[in-house]
Amino acid sequence: MPLPYRGRGSRLASSRVASTSVHSPRRAGRGAPWSSHALRLTRRRHSSEQVPPGPEPQADFRSGKWLQEHAGGDARDSQQTARAGMGSRHRICSQEEVVIPCDSDNDSGSVDLQLSNLEDIKKDPSSLELTDSDIFDITGLSQESFIDSFRHLTQQGPVSEANVERLIQSIQEVFNGELQSEFEKLTFLRSLSSLSQTLPYDETTESFIHSHITDIVHVLNMLIEEEPLHSLFSSVRQEVFITIANLSYQDIHLLFGSEDRADLFSLITKSIITLPSVETLIQLQEIMPSGSYNTECLYRQTFQAFSEMLQSLVVKDPHLENLDTIFKQMDPWLQSTKDHERERATASMAQVLKCLSRHLSLKLPLRFQRLGHFVALMALLCGDSVTEVAEEAAEGMHCLLHVTLRLKCTIYDKKNHPNLRRAMKKCQELLELYSIKQFYSCPFKIAQIFEAFLNSNELFQFVMTTLDGLENLKHPCTQKSAGELLITMVKNAESRFEKVPEIMGVICARLSIISQPRVRRQIINTVSLFISRPKYTDIVIGHLLCHPVPYDRHLAELWRTLEVELPSTTWILWRLLRKLQKCHNEPTHEKMAYVAVAATDALYEVFVGNRLQAATFRLFPQLLMTLLIQIHHSIGLTMSDVAVPSGLYTGQEMSSEVTPLCFAIQATKSLLLRTLCWQEFNIMEKNKGWTLLEGKECHLQGVSLLANALLERNHLLAQKVMYLLVPLLNRGNDKHKLTSAGFFVELLQSPVARRLPSIYSIVRLKDWLHHGNRVFKFLALRGLCYLIKHQDMREDIRSLLPCILDLLCETDEKIVLLAIQILLQLVGTMDFTTLTAMMKTLFTLFGDVRSDVHRLSMTLFGASIKSVKYTDKKGVENQVLDSLVPLLLYSQDENDAVAEGKKCQGKVNLLAQTLMFSKNAKLPIRRAAVLFVGLLLKYVDCSELRTKGTDWIENEIISIDLHLQPGFCGHLDLKALLHDPEPSLCIIASQALFRVQKVGAEPDSRQSIPG
C-alpha cells in the first residue's frame, strides 16, 4: 500500500528547510569541505543516501587556525538543519534528498579540540583565571550557536483551528479503538507528528497532548510490539521514531519520566538494534518479497530516523540527564557480542555525541555521573575488530572529549581552575604529538588524554569497565585494547584512585580467563603499579592475602612476576613481612590468624619468583627470624586451627596435607636458597635440621643448628641478625621470644658479641635467669657460657654467681650442667664464703643418679678445694672430711669418667659414713665400702668402738638420709651381706665381720696406765 502524502505542517517545513540547508551557498562554498568522517560513514552504512567516496580532508589539529576560521560560522544554519531533520520524512527509494540532522555549516564543534587560547598557559598556568569566554574558546564552540538555539522552530505557517480539531479527533479515536492496518498506524503517527507542530502557539494542543501522554506511550508501545523482531517490512518503526523526535523538540519527552516510558525506550531500542544484519534482511526480502518496499533502503531510513530521535533528546539537555538515560539504554548494546548490533549502537552514540557537542549549554547540577564508564567503553570500541565500529567510535570519542572539556569547565570552581588549565595544557601537548588517526587507533593515547580530566570516581569507573572488556573472549583485540588502556590509565593517574580493593578483586577474578601472554603481563603490571605506590601497598597486599591457600596458579604467577622498580621493592616486601609479624603479637591460645598463613605462602611465592631479590637480601635478617617464629607458632597445627574467613573455601575441600607448618618450612627453605645460603641449607639437610624445627620439644635445637650454621658459613649475615634481635627479644608472645632468644644466644659466640652493651647482653641474660620458664634459664646459662670466654666480661658475670648457685638445685639436668660449667670457669675468682656455700651444695649432688651431674659436681668440688687459700683451709676441713668417703668410693664407679673425679684425701673415724655405702645399688661401690670397713677397723680406737658396741656394725638397722644419698638402700646389715649372690662380696664381708668381732673381743692394748 502506498504511503499517504502529508503535505501540511512538518512536511512543508521539511521541504523549506531542506532547500535552505542542503543547497545553501554558504554550505556549498565553505561548509562542504569540512564534512566529518563519521557523518559520511553513518550515511554510507545506515541511510539511503549514497555518498560518493572521496578523499578525506586532513585538518591541521595542531594549530588554532582552523578554529579561528570557523569559530564565527553561521549558527542559523545549524539551528535550521536541526529543525529540518526532525521534520523530514524520507521517502523510500525516492528522489527526495536526505537531510541529516545536526550537520551544521559550522562544523567546528565536532572536530576542533586545539584549545587555541592555551598558549598563555605555558607562561604561568596558575596565574590565569577561567572566564565564560575562555570556556567557549577552549572547546571550539561559538557563543552565538547557543543563543536562542530554537528560535526557528516555530517559523512556519500556523495550522488552522479546524485542522487542529480534526487532528485531535482522529488521534482521540485511536485511543478509544484499535489500529488494524499499516495505513491506520501511519495515519495516526503522522497526525500526532503534525499536531506536535502546533504546540508552540496552540493551548488546546498542549493541553490535549499533556493529558494523554500515558495513552500515547501505550499506543506507541503496542505498535512497536506488533512489529516483527527479525524482519523489516513496514515503515511503522520509522514513523514512531520520527513522531517521538518531533514531540521531543517541543519538550514533550515520551521516553523519560516514568517506568512505562522507560520500558518504551528499551523496547524501541531493542526493536532496531536487534534487527538482523542488512545482508540477512536482503536475503529475507528475496525469500519473501515485500511489494513496493526496498528492504535495504527501508532499513537505512529507519535507522536514520532512530538516530535522529536520539539526537532530538540531547539538543536541549543542560543537565545531561537525557544523555545519561540514553547511555544506560545503549550500554548493553555497545558491548554486544554480535557485530551488527555493536555497530548500530556505536553509530547511534557517535551521532548523539556529535549533536550534543554542537548544542551543549550546560547548567548545574549535572546528572551525568558515568563519564568514566562512557570513556572506557568508547575507547574499547576504538580498538574493535570491526573496522566500521572502530571508525564510528573514534568520531564519538572526538566529540566526547569535546563534551568532557565543557563539562569540566562547568563543574570546576575558581580555586580548581589552575588544575583544569594544567590538564588542558597536557591535553593540547599530547594532541600536538599525535595525528587524529594515531590518536584513535592507539587506545593508550586515549587514556593519556582523558586521564587528566577524570576524577577519582570516574577513574574507578574507567578501570572497572576496562576490566570488563577482558571478558570478551570472542574478540581478542578487545582484550588487547583493555590491557593497553588499563596499564596506561593506572600509570598516568598515579595515586588518584579509589576503591582499590574492588579493582583488585576484579583483576584476580579475570586472570583465569586471560590467555594472551601480553595482556596477562599488562594486568600483572597494573597490580605492580598499585602495590608499588605507598598509598595502596597495604590495601593491595591485604586483598591478595584474602584468597585460598595454597594460591592457585594465577595468583602464584602474580606474586612471582611482580614488576616493581628497585626503590619500591624493599617497601613492598617489608609491608608484606609486617602483615606476618603483627600476627605474632597475638596470644598463643587463640586460633592462628589466616593472614599469617596467607602471608607465609605469599613470601614463598615471592622468593620463588625472585623478582624482589635485592629486597630479599636487604631484609634477610627480618625475614629469617619472622619465618622461624612462624614455624614455632605452626607446630602441631592444622588448618582447622586457623581462623579462616567464612566463605573463603566455599565448595572446596582443604587437603589434610596442607598445614601452616608446611608453608612456613617451604618459605624458610626458599629464603635460604634465594639468598645464596646453600651451605647453611645443606647443613640443615644433613643434620635433619628441618625435622628438628618441626618438633615441639626440639624446635630450639633446630634454631640453634641453623644459627650455628649461619655463624660458621656467613659471619656477616649472622652479625646482622644479632643486631636485629637486640630490640626484638622482649617483643611478641612467648613463642616469639623463645625463638628469638634461642637464635640470639647462639650468635653470642661471635667475637662481635663483646661489643654489645651489657644492658643488651648480660643484663638481659640475668633477667632470663629469674624467668619462670626453664627454657629461658637454660638459654641464659648457654649465653653466659659463650660470653665468659671473653676475659673483659667475666667481672660482670661474677655478679650473677648467687643466681647461678641457686640453679644447682634445679631438677633440669641441662640447667645444672651449664651452671657447673660456668662455675668451673669462675671458681678461681670466688671468695671463701661463696666457695663454702657452693661446696655444700655440690656435696648434695655426689650421689645424683644423673651420671654427668655427679661427675661434674665432684670435679667442681675438687677444683673448689684447690682454690681455697691456705689461710682458709681450716674452715673447709670438716666439709672435706665429710666428702672423703663418697669421693673414695665413687672412684670405683664403672664409669671411668665418674671415677676419675673422686680422688681426694681424708682422715680416720669414717666408719659410720662408709657403712652407708654397703647397700649401694652398684656392686663395685658396695664391695669397696665393705672392704674399706675392714681396713678402717685396723685404725679405729678400740676403746671407743667397744664403748659404742659392735652390734650396729654387725646387724643393727641404721637410718639413712635418702635425700643425701639417693642411691642407697635403707638398711645396714653386714651379716646380711654374707648371703649376697656375689661370691667376692661375701668373702670381703666375712673378713670385715671377723675384724669387727675381733676388736670387740680383745682388750685395748693401748689403754693408758693410771699414774
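What counts and how
Residues numbered from 1 in each chain as written. Predicted model: local features only at pLDDT ≥ 70, side-chain atom pairs only at ≥ 80, totals over all residues. Heavy atoms only, no water. Helix = DSSP H or I, 4+ residues; strand = E, 2+ residues; numbered from the N terminus. Buried < 20%, exposed > 50% of the residue type's maximum accessible area, 1.4 Å probe, protein only. Contact = heavy atoms within 4.5 Å. Axes fitted to C-alpha atoms, helices over the stretch in contact; angles between N-to-C directions. Parallel < 35°, antiparallel > 145°, perpendicular 65-115°, else oblique. Left-handed = near helix turned anticlockwise from the far one by under 90°. Nonpolar A, V, L, I, M, F, W, Y, C, P; charged D, E, K, R; others polar. Core = buried A, V, L, I, M, F, W, Y, C linked by side-chain atoms within 4.5 Å. Salt bridge = Lys/Arg side-chain N within 4 Å of Asp/Glu carboxyl O.

As a further point, take the overall build of the chain. In terms of regular secondary structure, the chain is built from 52 helices and two strands. Per-residue burial for the chain yields a buried fraction of 56% across its 1011 residues. Excluding contacts between residues fewer than 6 apart, the proportion of contacts in the chain whose partners are at least 24 apart in sequence is 76%.

Another aspect to go through is the packing of helix α16 (residues 321-334) against helix α18 (residues 371-382). The contact between α16 and α18 brings their axes to 12 Å, and the two run at 40°. If you check the angle between α16 and α18, you find them oblique. α16 and α18 meet at a crossing whose hand is left-handed. Here Leu 323, Phe 327, Asp 331 and Leu 334 of α16 come into contact with α18, specifically with His 373, Phe 374, Leu 377 and Leu 381. Its residues assigned to classes, the contact of α16 with α18 shows six nonpolar, one polar and one charged.

What follows concerns the nonpolar core. Grouped together as the largest cluster of nonpolar side chains are 266 residues, with contacts concentrated most on Phe 188, Met 309, Phe 497, Ile 503, Phe 743, Leu 781 and Met 838. In terms of residues, this core owes the most to one element, helix α19 (residues 387-411), which gives eleven residues. Core analysis: the next-biggest nonpolar cluster, separate from the first, contains six residues, Leu 977, Leu 985, Ala 989 and Ala 992 among them.

With that out of the way, let us pick up unusual backbone geometry. Look at the link from Leu 364 to Pro 365: it is a cis peptide, with omega at 0°. Here Pro 365 shows up in the loop between α17 (339-358) and α18. A cis amide bond links Val 549 with the next residue in sequence, Pro 550, at an omega value of -5°. Topologically, Pro 550 is positioned in the loop between α27 (534-544) and α28 (553-560). Here Leu 676, not a glycine, exhibits a phi torsion of approximately 65°, which is positive. Relative to the elements of secondary structure, Leu 676 occurs in the loop between α33 (660-674) and α34 (678-686). Notably, Lys 688 is not glycine yet its phi reads approximately 55°, a positive angle. Inspection of the secondary structure puts Lys 688 in the loop between α34 and α35 (689-694).

Tracing the chain through its elements places Ile 635 in the loop between α32 (620-634) and β2 (642-643). Taking relative accessible area as the criterion, Ile 635 reaches 13% and is therefore assigned buried. Note: C-alpha distance between Ile 635 and Pro 660 (25 residues apart in sequence) is 8.1 Å. Apart from the residues lying within four places of it in its own chain, the contact partners of Ile 635 are Leu 661, Leu 693, Glu 694, Gly 695, Lys 696 and His 699.

Okay, the pattern of salt bridges next. A full pass over the atoms with the stated rule returns 25 salt bridges. Taking the shortest distance from any N to any O, the salt bridge between Arg 342 and Asp 384 comes out at 2.6 Å. Placement of the pair is Arg 342 in helix α17 and Asp 384 in the loop between α18 and α19, with a sequence separation of 42 residues. Summarising the burial analysis for this pair, Arg 342 and Asp 384 share the class buried. Where Asp 792 meets Arg 754, a salt bridge forms, and the shortest distance between an N and an O atom there is 3.2 Å.

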